[in-house]
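Remarks on the overall topology
Below, each chain spelled out in residue letters.
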Amino acid sequence: MLREFLESKGYKILEAQNGGQALELAEHHTGSIEVLVTDVIMPHIRGLELAKRVTDLHPDICVIFMSGYSEDALLENQLLSDRNLSLIQKPFDPEELAQKIRESLNRNCSTA
């Protein structure tokens, strides 16, 4: 559902079923990846590890974590200390995610 919504907003989406697949996509994708949207807790690889590894491959990427955890809990664990990282709290409206993606792209993580 989110993929279809974001595509209707003009975004090109690479979709993965889990963190392992997402990492594989990032490793083999020849173009740029501007924003990674990932859950904090996932099977195969956690969101923070995925973000670190994808950032190594695509240094200019912005990362948006989706989480049911509070922002305070994520700050305590230093998950949001990097300017390239942001959080969207679950549950969220698809329009909120589209806005968060626009904000990330406007922030231009490559200059962070």
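Given the structure is predicted, the values throughout are model-derived calculations rather than measurements.

Quick look at the nonpolar core now. Of all hydrophobic cores here, the largest spans 16 residues; its most connected members are Leu36, Leu50, Val54, Ile61, Val63 and Phe65. When residues of this core are traced back to their parent elements, those giving at least two are helix 2 (19–28), helix 3 (47–57), strand 2 (62–67) and strand 3 (85–89). The contacts of Leu50, once residues within four sequence positions are left out, are Gly19, Ala22, Leu23, Leu36, Thr38, Met42 and Ile45. Counting residues in hydrophobic clusters, the runner-up holds 11 residues, among them Tyr11, Val35, Ile64 and Ile101.

Since one α-helical turn is 3.6 residues long, residues separated by three or four positions face the same way. Every buried residue of helix 3 is listed here: Gly47, Leu50, Ala51 and Val54. In an axial view of helix 3, the angular spread of the buried residues amounts to 100°, which keeps them on one side of the axis. Looking at the buried positions of helix 3, the neighbouring elements they touch are helix 2, strand 1 (35–39) and strand 2.

The next thing to look at is the sheet that holds strand 1. One open sheet holds the three strands; their spatial order is 1-2-3, and the pairing between them is parallel. Strands at the two margins of the open sheet, each flanked by one partner only, are strand 1 and strand 3. When the angles between neighbouring strand axes are averaged without regard to direction, this sheet yields 25°. Bridge analysis of strand 2 against strand 3 gives five bridges, and the strand direction is parallel. Pairing of Phe65 across the sheet is with Leu87, part of strand 3. The sheet contacts of helix 3 involve strand 1 and strand 2, and relative to strand 1 the element is tilted by about 160°. Here helix 5 (residues 94–107) sits on the sheet and contacts strand 1, strand 2 and strand 3; the angle it forms with strand 3, its principal contact strand, is near 170°.

To continue, consider the environment of Gly31. Mapping Gly31 onto the fold places it in the loop between helix 2 and strand 1. Classification of Gly31 by relative accessible area gives partly exposed; the value is 31%. Sequence separation between Gly31 and His58 is 27 residues, and the spatial gap between their C-alpha atoms is 9.7 Å.

Before going further, it helps to examine the packing of helix 2 against helix 3. Axis separation between helix 2 and helix 3 bottoms out at 10 Å; the angle between their running directions is 5°. By the angle between their axes, helix 2 is roughly parallel relative to helix 3. Listed contacts from helix 3 to Gly19, Ala22, Leu23, Ala26 and Glu27 of helix 2 are Leu50, Arg53, Val54 and Leu57. For the contact of helix 2 with helix 3, the residue count by class is six nonpolar, one polar and two charged.

With respect to the helices and strands, the residue Asp39 is situated in strand 1. One polar contact links Asp39 to Lys90, side chain to side chain, over a distance of 2.5 Å. Contacts of Asp39, omitting those with residues within four sequence positions, involve Gly47, Phe65, Met66, Ser67 and Lys90.

The rules behind these values
Within each chain, residues carry numbers counting from 1 in the order of the written sequence. At least 70 in pLDDT is required for a residue's local features to be given in this predicted model, at least 80 for side-chain atom pairs to be given and counted, and no such filter applies to totals for whole chains, interfaces and linings, which use all residues. Excluding hydrogens and water, the side-chain values take into account all heavy atoms of the structure. Think of a nonpolar core as a cluster: buried Ala, Val, Leu, Ile, Met, Phe, Trp, Tyr and Cys residues, connected wherever their side-chain atoms sit within 4.5 Å. The cut-offs for exposure are 20% and 50% of the maximum accessible area for each residue type, with area from a 1.4 Å probe on protein chains only; residues under the lower value are buried, those over the upper are exposed, and the others partly exposed. Strands here are runs of E lasting at least two residues and helices are runs of H or I lasting at least four, both read from the DSSP assignment and numbered beginning at the N terminus. In this analysis, two residues are considered to be in contact whenever any of their non-hydrogen atoms come within 4.5 Å of each other. Each direction from the helix axis to a C-beta atom contributes to the arc, which is the arc of those directions. Pairing between two strands is assigned when DSSP locates at least 2 bridges connecting them. Helix axes are fitted only over the stretch in contact, all axes being lines through C-alpha atoms; the angle between N-to-C directions runs from 0 to 180 degrees. Note that the term roughly parallel is reserved for angles under 35 degrees, roughly antiparallel for angles over 145, roughly perpendicular for angles of 65 to 115, and oblique for everything else. Classification used: nonpolar for Ala, Val, Leu, Ile, Met, Phe, Trp, Tyr, Cys and Pro, charged for Asp, Glu, Lys and Arg, polar for all others including Gly. Whenever two N or O atoms come within 3.5 Å, that pair is a polar contact, provided that in protein one can donate a hydrogen and the other can accept it, and provided that, for residues adjacent in sequence, both atoms are side-chain atoms.

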